[in-house]
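Residue strings, one per chain:
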Amino acid sequence: MITEKILVINPGSTSTKVAVFEGETAKWVESINHSPDELKKFKKVYDQLDMRFGLIKQLLENHHEDIAAFSAIASRGGNMPAIKAGPYKITDYMVECLQYRPLDEHAANVGAGIALKLANEAGINAYIYDALTVDEMLEVNKITGLAGIRRPARGHNLNTRAAALKLCEEKNIEYKDTNIIVAHLGGGITINLHSGGKIIDIIMDEEGPFSPERAGGMPVYSIVKMAFSGKYTEDELMRQLQRKGGLLSHFGVLDIRAVEKMIDEGDEYAKTVFDAMALSTAKNIAKISPCVQGKIHHIVLTGGLAHSKRFTGQIIKSVEFLAPVTIIAGENEVQSLANGVLRVLRGEEEAKILVEGEK
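Residues numbered from 1 in each chain as written. Predicted model: local features only at pLDDT ≥ 70, side-chain atom pairs only at ≥ 80, totals over all residues. Heavy atoms only, no water.

*Asks:* Help me out: how do you make sense of the overall build of the chain in this one?
*Replies:* Scanning the chain from terminus to terminus reveals twelve helices and twelve strands. Over its C-alpha trace the chain gives a radius of gyration of 21 Å, about what one expects of a compact globule, namely 21 Å for 359 residues. Its C-alpha atoms give the chain principal-axis dimensions of roughly 55 × 50 × 50 Å. Intrachain contacts of the chain at a sequence separation of at least 6 include 68% that bridge at least 24 residues. (Helix = DSSP H or I, 4+ residues; strand = E, 2+ residues; numbered from the N terminus. Rg over C-alpha atoms; globule rule 2.2 N^0.38 Å. Contact = heavy atoms within 4.5 Å.)

Written as structure tokens, this is what we have:
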């Protein structure tokens, strides 16, 4: 029996994770780190393509990997136009969208271009799986109180859907017949609801709990006043909300373990902020449940913060009245990408093609 060999590329803000899988098993996984000095010369993320491509090629040579020996290449999908869940074949049009018309700047935007360039060299196909812009939200969940402002569907779809599918596999239940809330607990916290085999609602990090570096949902009138105070440019205010909020704003640290250490040393303010972050996460888990009249079968906590027993323990106490809670800690993105493309190669899923005006 032939074992499928898959190259996985997952670009991050300061690193590029690269892995080689043989079937479901990782042969090796390695991160290429990018220094601030290395990155600051690039105006946009996509401008980093040639730099990251060259480093990946060098890494493959160091591991004595022949690009022609791969069955397919998998990349994390970036901020392209809204798509459905599952696999998409990387095409020139997809790469064009990510290069010239991304919905937002994100490190994943460069992944598809790198993957396609490598795939063309090898004469094979490249795919993304469960990209950032998966949009299966019900229309009723997109409406806001201002005409023209709609709730967007962007989040940690790759990891949350993989966690939901893993839960279903472990419990021997059908994904399409189950209502599952998945909370991704990371540098940003997003929460989504899986029902009928789709992600029908998402609470994004801009409207949900605060986290290690995100401010989360804020009193909007206060933010309007900040915006017009003259103290911030648009970029500076966005950085306050996206990269300098949460625990970083309160304590100057991103590591939740550092805050837990403060608590253990008797810091009452640290305990209050920590408790508030956990409670805010629990409130948002409960908030999404009315979409299915509260008929939640399972809740999953995933992401890097799910390693914290103190944090997950407090969340569980607040939400277990809704449904049993399962912890699937970690990002699991590389494995999820490999598994998704493996299903394509084995004929278990069919890859779609991004077309203009799909949504």
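Continuing now.
*Asks:* Just to check I follow, could you spell out the side chain of arginine 76 for this structure?
*Replies:* You can see arginine 76 is positioned in the loop between β4 (72-75) and β5 (87-89). Once residues within four sequence positions are removed from consideration, arginine 76 is found in contact with Ile9, Asn10, Pro11, His106, Ala108, Ile128, Leu132, Leu158, Glu333 and Leu337.

*Asks:* Please clarify how the packing of aromatic side chains should be interpreted in this entry.
*Replies:* The description of two aromatic rings rests on the distance between their centres and on the angle between their planes. As enumerated under the stated definition, the model contains two aromatic pairs in all. On the basis of an interplanar angle of 75° and a centroid distance of 5.8 Å, the ring pair of phenylalanine 274 and phenylalanine 311 is categorised as edge-to-face. With a gap of 37 residues between them, phenylalanine 274 in helix α10 (residues 268-287) and phenylalanine 311 in helix α11 (residues 309-319) connect regions that are remote in the sequence. By relative accessible area, phenylalanine 311 is classed as buried at 0%. (Phe/Tyr/Trp six-rings, centres within 6.5 Å; stacked < 30°, edge-to-face > 60°. Buried < 20%, exposed > 50% of the residue type's maximum accessible area, 1.4 Å probe, protein only.)

*Asks:* Is there a simple way to think about the state of the cysteines in this case?
*Replies:* Simply put, the disulfide is a covalent bond whose two ends are the sulfur atoms of two cysteines. Per the counting criterion, the structure on display carries zero disulfides. Here cysteine 168 is not cross-linked by a disulfide; its sulfur's nearest cysteine counterpart is in cysteine 291, at 18 Å. (Disulfide = S-S within 2.5 Å.)

*Asks:* How should helix α9 (residues 256-264) be read in this particular structure?
*Replies:* Because each turn of an α-helix spans 3.6 residues, side chains separated by three or four positions end up pointing in the same direction. Among all positions in α9, only Ile256, Val259, Glu260 and Ile263 are buried. For α9, the arc enclosing every buried residue in end-on projection is 100°, short of the 170-degree limit, so these residues lie on one face. Opposite its buried face, α9 presents the exposed residues Arg257, Lys261 and Asp264, each directed more than 90 degrees away. Taken together, the buried residues of α9 touch α8 (246-251), α10 and α11. The backbone nitrogen of arginine 257 lies 2.9 Å from a side-chain oxygen of the residue at the head of α9, namely aspartate 255. (Arc of directions from axis to C-beta. Polar contact = N/O pair within 3.5 Å; in protein donor to acceptor, adjacent residues only side chain to side chain.)

*Asks:* For this particular structure, what's the right way to read the sheet that holds strand β10 (residues 298-303)?
*Replies:* Within a sheet, each strand pairs with its neighbour through backbone hydrogen bonds, oriented either parallel or antiparallel. What the five strands build is an open sheet, ordered β9-β8-β7-β10-β11; its pairing is mixed. For this open sheet the edge positions go to β9 (198-203) and β11 (325-329), each flanked by a neighbour on one side alone. The average angle at which neighbouring strand axes cross in this sheet is 20°, direction not considered. Examined bridge by bridge, strand β7 (residues 180-185) and strand β8 (residues 189-195) share six bridges and lie antiparallel to one another. Its bridge partner being in β8, isoleucine 181 is matched across the sheet by leucine 193. (Pairing = 2+ DSSP bridges. Axes fitted to C-alpha atoms, helices over the stretch in contact; angles between N-to-C directions.)

*Asks:* Quick question: what am I supposed to make of unusual backbone geometry here?
*Replies:* Across the chain, the bulk of peptide bonds are trans and the bulk of non-glycine residues have phi less than zero. Positive phi is not limited to glycine here, since histidine 64 has a value of about 55°. Mapped onto the fold, histidine 64 is located in the loop between α2 (49-62) and β4. One non-glycine residue, glutamine 293, lies in the positive phi region at around 55°. Along the chain, glutamine 293 turns up in the loop between α10 and β10. Under the relative-accessibility criterion, glutamine 293 is labelled exposed at 62%.

*Asks:* Sorry, what's going on with the nonpolar core here?
*Replies:* Here is a general trend for soluble globular proteins: nonpolar side chains tend to be buried in one another's company. Core analysis: the biggest nonpolar cluster contains 39 residues, and Leu7, Ile73, Ile90, Met94 and Leu118 have the highest contact counts within it. Sort the elements by how many residues they give to this core and helix α4 (residues 111-122) lands first, with seven residues. Once residues lying within four places of it in the same chain are set aside, the contact partners of methionine 94 are Met80, Tyr88, Lys89, Ala112, Ile128 and Leu354. Ala270, Ala282, Leu301 and Ala323 belong to the second-largest nonpolar core, a separate cluster that totals 34 residues. (Core = buried A, V, L, I, M, F, W, Y, C linked by side-chain atoms within 4.5 Å.)

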